[in-house]
Amino acid sequence: MGLYNDTVMDHFMNPRNVGEIEDADGTGVYGSPVCGDMMQVQIKVKDDIITDAKFKTFGCGSAIASSSMATTMIIGKSVEDALEVSNKKIIDELGGLPAVKVHCSVLADHAIKSAIYDYAQKNNKTYKGLEGFD
Ligand code: FES
Ligand code: FES
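Residues numbered from 1 in each chain as written. Chains lettered and ligands numbered in written order. Predicted model: local features only at pLDDT ≥ 70, side-chain atom pairs only at ≥ 80, totals over all residues.

Side note on the pairing of strand β3 (residues 49-57)
As defined by bridge partners, strand β2 (residues 38-46) adjoins β3 across eight bridges and the pair is classed as antiparallel. Each residue of the ladder has a partner; that of Q40, found in β3, is K56. Taking the residues between adjacent antiparallel strands as the criterion, β2 and β3 are bridged by two residues, where D47 takes a positive phi near 50°. (Pairing = 2+ DSSP bridges. Helix = DSSP H or I, 4+ residues; strand = E, 2+ residues; numbered from the N terminus.)

In structure tokens form, the structure reads like this:
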């Protein structure tokens, strides 16, 4: 037993920030090239601070735990700081994921960046770290 640690299990069993934001400032969808699993992240931004974030996913438990953790990590952060939340940092914050499940955390990372890209496009803003995104 014990493929997943207690933090991962907690975020899988009680995921934070699941759902949709009706008047979102940015929406990002990302599908894994590995398996086709999808992740949607939506954000609210005020004065360049992410005030809310919600996710929906067809992904597995690791994807759920990663996005739950990732949304808690970006809420309250400036957009620039949120862009620093890499899948490695998400995994560290979760206390580790099994190697075969690392790619699932990439869904959260990419969907967040894609939501920020959407926000940036709509507001004529540019941020470092969004190069090559669409
Ligand atoms: Fe598909 Fe994790 S999201 S296996
Ligand atoms: Fe699809 Fe893990 S198998 S993201």
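From this point on, the discussion continues.
A short note on helix α5 (residues 102-122)
In an α-helix there are 3.6 residues to a turn, and that puts residues three or four apart on one side. Compared with an ideal rise of 1.5 Å per residue, which puts 21 residues at 30 Å, α5 spans 31 Å between its outermost C-alpha atoms and is within 8% of the ideal. Burial runs high along α5: 15 of the 21 residues are buried. Of the residues trailing α5, N124 is marked for its positive phi of about 55°. (Expected span 1.5 Å × (residues − 1). Buried ≥ 20, exposed ≤ 12 C-beta atoms within 10 Å, placed from the backbone.)

Concerning the sheet that holds β2
Two pairing modes exist for strands in a sheet, parallel and antiparallel, and in both the strands are linked by backbone hydrogen bonds. Strand order across the open sheet formed by three strands is β1-β2-β3, with antiparallel pairing between neighbours. Looking along the sheet, the strands with just one partner apiece sit at the ends: β1 (26-31) and β3. Within this sheet the neighbouring strands show an average axis-to-axis angle of 20°, counted without direction. On top of the sheet, α5 reaches β1, β2 and β3; it is set at about 145° to β1, its chief contact. (Axes fitted to C-alpha atoms, helices over the stretch in contact; angles between N-to-C directions. Contact = placed C-beta atoms within 7 Å.)

Points about helix α4 (residues 87-94)
When α4 is considered as a whole, its buried residues turn out to be N87, I90, I91 and L94. Axial view of α4: buried residues confined to an arc of 95°, hence all on one face. Along α4, exposed side chains directed more than 90 degrees from the buried face belong to K88 and D92. Residues of α4 that are buried in the fold lie against α1 (6-13), α2 (61-74) and α5. Phi turns positive, to about 80°, at G95, one or two residues after α4. (Arc of directions from axis to C-beta.)

Digging into the UniProt feature "domain: NIF system FeS cluster assembly NifU N-terminal" (unreviewed entry) in the protein chain
The feature "domain: NIF system FeS cluster assembly NifU N-terminal" (unreviewed entry), as annotated in UniProt, sits at residues 4-125 in this numbering. In the segment residues 4-125, helix accounts for 45% and strand for 20%; the C-alpha atoms at its two ends are 39 Å apart. (UniProt positions renumbered as here; feature names shortened; annotations may be inferred.)

A look at the packing of α1 against α2
Orientation of α1 relative to α2, taken along the N-to-C sense of each, is 90°, at an axis distance of 8 Å. The angle between α1 and α2 falls in the class roughly perpendicular. In this structure, α1 contributes V8, H11 and F12 to the contact, and α2 contributes G61, I64, A65, S68 and M69. A breakdown of the residues in the contact of α1 with α2 according to their chemical character gives five nonpolar, three polar and no charged. (Parallel < 35°, antiparallel > 145°, perpendicular 65-115°, else oblique. Nonpolar A, V, L, I, M, F, W, Y, C, P; charged D, E, K, R; others polar.)

What to know about the environment of G76
Along the chain, G76 falls in the loop between α2 and α3 (79-82). When the C-alpha atoms of G76 and A53 are compared, they prove to be 9.7 Å apart, with 23 residues separating the residues in sequence. Not counting residues up to four positions away in its chain, the partners in contact with G76 are I49 and I50.

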